[in-house]
Each structure stands twice: as C-alpha cells, then as structure tokens.
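Examining the three-dimensional arrangement
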Amino acid sequence: MKMGSACLFTALHLCLSAFSTGTLAVTANFNENFEVSWAPTNVKFLGGESLQLVLDQSTGSGFASKESYLFGNIDMQIKLVPGDSAGTVTAYYLSSEGAKHDELDFEFLGNASGQPYVLQTNVFSAGVGGREQRITLWFDPTQDFHTYSVNWSTKRVVFLVDGVPIRVFSNNEAAGVPYLRQQAMRVYSSIWNGDSWATQGGLVKINWAHAPFVATYHNFRAANACRASTAASASVCARAAANHISATGGAGPSIDRSKLQWVKKNFMVYDYCTDSARYSTAPIECTREF
C-alpha cells in the first residue's frame with residue numbers, strides 16, 4: 001500500500017471509530033485548537049482553558065479553529081456580554097469557504113440592561129441563507145457559562161442550548177434543498193458592532209461609555225467529529241459517514257420533540273418560515289422538518 005493510501009486508510013479508520021464509538025474528541029485547550037482571526041490585541045487567551053473576545057470603540061475581534069470538521073457534535077460554553085450590550089453582536093458559527101459555502105450560525109444580539117437576550121440562528125447551504133430564526137433565552141446568559149451546540153449528521157443538523165433542541169434543519173436533498181454534507185467547516189467566533197440592525201432593528205445603538213464589551217469562552221469540545229482540513233480528508237469523512245449510516249440503518253441524531261415544541265411555543269420571536277411578506281410561499285424545508 002502506498003503511503004498516501006495508507007494515510008487515507010488510517011483517516012477512514014479513525015473517522016469510522018469516531019462515528020461508531022464516540023471516542024474521538026477535541027477538547028479544552030484554546031491555545032492548541034484555535035488561532036486569532038481578527039484583532040489580536042482584543043483576543044485574550046486565559047491560560048489555555050478559556051478565551052475572551054473584546055469589542056471596544058476601535059475594533060471587535062475574533063478567533064477560528066485550526067481544524068475543519070465534517071459532521072460531529074460541536075460544543076462551546078459561552079458567557080455573554082453583561083449589562084447594557086445593546087448594538088453588539090457575538091457570533092459563534094461553523095463555516096466553509098467560497099461563494100457556495102455552508103454555514104451554521106448562532107448570533108447573540110445584545111440588549112439594553114434588563115431585557116432578554118435574543119439568539120438568532122441561521123443556516124446556509126450551498127451559499128443560500130435567509131433562514132433566520134430568533135428566540136429569547138429562558139435564562140440570563142451573562143451570569144454563567146451555558147453550552148451552545150451543533151449536532152451535525154448526514155441526516156440533520158440540530159441546534160441545542162444546554163442540551164435543549166431549539167432548531168432542526170433536516171436533509172431534504174430529495175426535495176431539491178441543498179444539504180451540508182460535502183464541505184468541511186471551521187469553528188469561528190467574533191464580537192462586533194452591529195448597532196445598525198441588532199437591537200430593536202437598529203433603533204438602540206451601542207453606548208460606548210459601557211465599553212469594553214467582553215464575551216468569555218470555555219470548554220470547547222468536538223465529539224464524534226471527523227477532522228477534514230483537506231479535500232482528501234473531507235472525502236474520507238464523507239465516506240466514513242456514509243458507511244456509518246449504512247451500518248446503523250440511517251438513524252440521525254435523536255431529538256426531544258417535546259422540548260423543541262416548548263421552545264417554539266414560548267420563546268420564538270421570529271421564524272422565516274412564517275414570514276409571508278418575505279416568502280409568499282414557505283420554503284420547502286419549512287414543511288419537511290423531520
């Protein structure tokens with residue numbers, strides 16, 4: 001066996017092991033797993049175990065994972081900007097590159113003190129987005145760390161907050177909707193000035209007297225995740241996922257539907273699926289959630 005083939009065989013074996021046993025994981029150390037993507041003076045590594053992003057009047061900041069992933073459970077614990085965070089946006093997302101990129105977004109829209117934080121999620125597949133949903137959170141995300149997760153398989157993507165499903169985007173390729181199953185994605189986060197739109201449609205601006213605005217990150221984990229930093233390794237990951245699906249009968253990640261409905265009933269404040277002014281006919285995926 002040639003060296004290149006041997007490497008691909010090893011990668012395939014590792015990815016199959018990850019899907020079948022759940023033992024392959026990337027955890028914790030931010031120095032090892034992430035690099036600064038924007039404004040290094042405003043990115044603070046805290047002993048490797050935690051990281052802070054800072055927004056001040058001069059600039060925001062951001063970081064990105066060194067690895068790319070194709071499928072898996074991606075978790076990050078975040079403590080959001082406290083106090084009057086109106087106009088700020090803290091984004092945590094997965095994304096590939098290029099015009100027809102895939103992307104899975106958590107965007108935390110800042111608020112005036114005492115108002116609930118709004119969490120906006122969005123899905124891009126093959127470069128097409130416009131799938132925003134917004135919920136208010138049922139806790140104060142500035143007082144402690146909470147876990148924000150993406151559970152990504154060949155069957156569906158599930159967004160979760162502290163293990164509670166808040167959104168599902170299923171594979172509807174059979175109905176003509178591109179799905180996120182070919183492009184590996186890196187993990188990103190940034191904090192920036194979004195006061196043209198983020199809080200009450202841009203009516204409430206950033207109060208720079210309250211700067212700097214700080215978001216803190218802890219306990220990154222990528223479990224069952226296939227590392228796919230090259231086109232060849234992404235192909236290996238896709239084959240491993242297909243083999244796993246074949247072996248397990250095609251089961252996607254489980255969903256607690258009662259909790260998902262609880263979130264939709266009590267905390268949903270915007271859903272593109274019901275925005276008739278924007279879409280005269282609901283997008284196909286809206287009628288085929290599972």
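Residues numbered from 1 in each chain as written. Predicted model: local features only at pLDDT ≥ 70, side-chain atom pairs only at ≥ 80, totals over all residues. Heavy atoms only, no water.

Moving on, we come to the overall build of the chain. In terms of regular secondary structure, the chain is built from four helices and 17 strands. In the chain, buried positions account for 50% of the 290 residues. Of the contacts formed within the chain by residues at least 6 apart in sequence, a portion of 68% connects residues at least 24 apart. (Helix = DSSP H or I, 4+ residues; strand = E, 2+ residues; numbered from the N terminus. Buried < 20%, exposed > 50% of the residue type's maximum accessible area, 1.4 Å probe, protein only. Contact = heavy atoms within 4.5 Å.)

In terms of nonpolar packing, the biggest core is built from 55 residues, with Ile74, Met76, Phe106, Tyr148, Trp152, Tyr217 and Phe220 touching the most fellow members. Ranked by residue count, the leading element in this core is strand β15 (residues 213-223), at five residues. Setting aside residues up to four positions removed in sequence, tryptophan 152 forms contacts with Tyr69, Leu70, Phe71, Gly72, Leu94, Val157, Tyr179, Leu180, Gln183 and Met185. (Core = buried A, V, L, I, M, F, W, Y, C linked by side-chain atoms within 4.5 Å.)

As for its position among the elements, alanine 91 is in strand β7 (residues 88-95). Looking at alanine 91, the relative accessible area reads 4%, which means it is buried. Those residues within four positions of alanine 91 in sequence are excluded, and the remaining contacts are Phe106, Glu107, Tyr188, Ser189, Ser190, Trp192 and Tyr217.

On to the state of the cysteines, then. Using the criterion set out here, one finds two disulfides in the structure. Each disulfide pairs two cysteine sulfurs, and for cysteine 226 the partner residue is cysteine 237, the sulfurs being separated by 2.2 Å. The disulfide joining cysteine 226 to cysteine 237 has a torsion of about -90° about its S-S bond and is therefore left-handed. Note that cysteine 226 is positioned in strand β16 (residues 226-227) and cysteine 237 in helix α3 (residues 231-248), a separation of eleven residues in sequence. One disulfide bridge connects cysteine 273 with cysteine 286, the sulfur atoms lying 2.0 Å from each other. Taking the sign of the torsion about the S-S bond as the criterion, the disulfide between cysteine 273 and cysteine 286, at about -80°, is left-handed. (Disulfide = S-S within 2.5 Å.)

Right, let's get into the side chain of glutamate 103. Turning to its location among the elements, glutamate 103 is positioned in strand β8 (residues 103-109). For the buried glutamate 103, no salt bridge is present, and the opposite-charge side chain at shortest range is arginine 131, 11 Å distant. At 2.9 Å, the side chain of glutamate 103 and the side chain of histidine 101 are in polar contact. Setting aside chain neighbours within four positions, we find glutamate 103 in contact with Tyr93, Leu94, Ser95, Asn122, Val123, Phe124, Leu180 and Met185. (Lys, Arg positive; Asp, Glu negative; His and termini not counted. Salt bridge = Lys/Arg side-chain N within 4 Å of Asp/Glu carboxyl O. Polar contact = N/O pair within 3.5 Å; in protein donor to acceptor, adjacent residues only side chain to side chain.)

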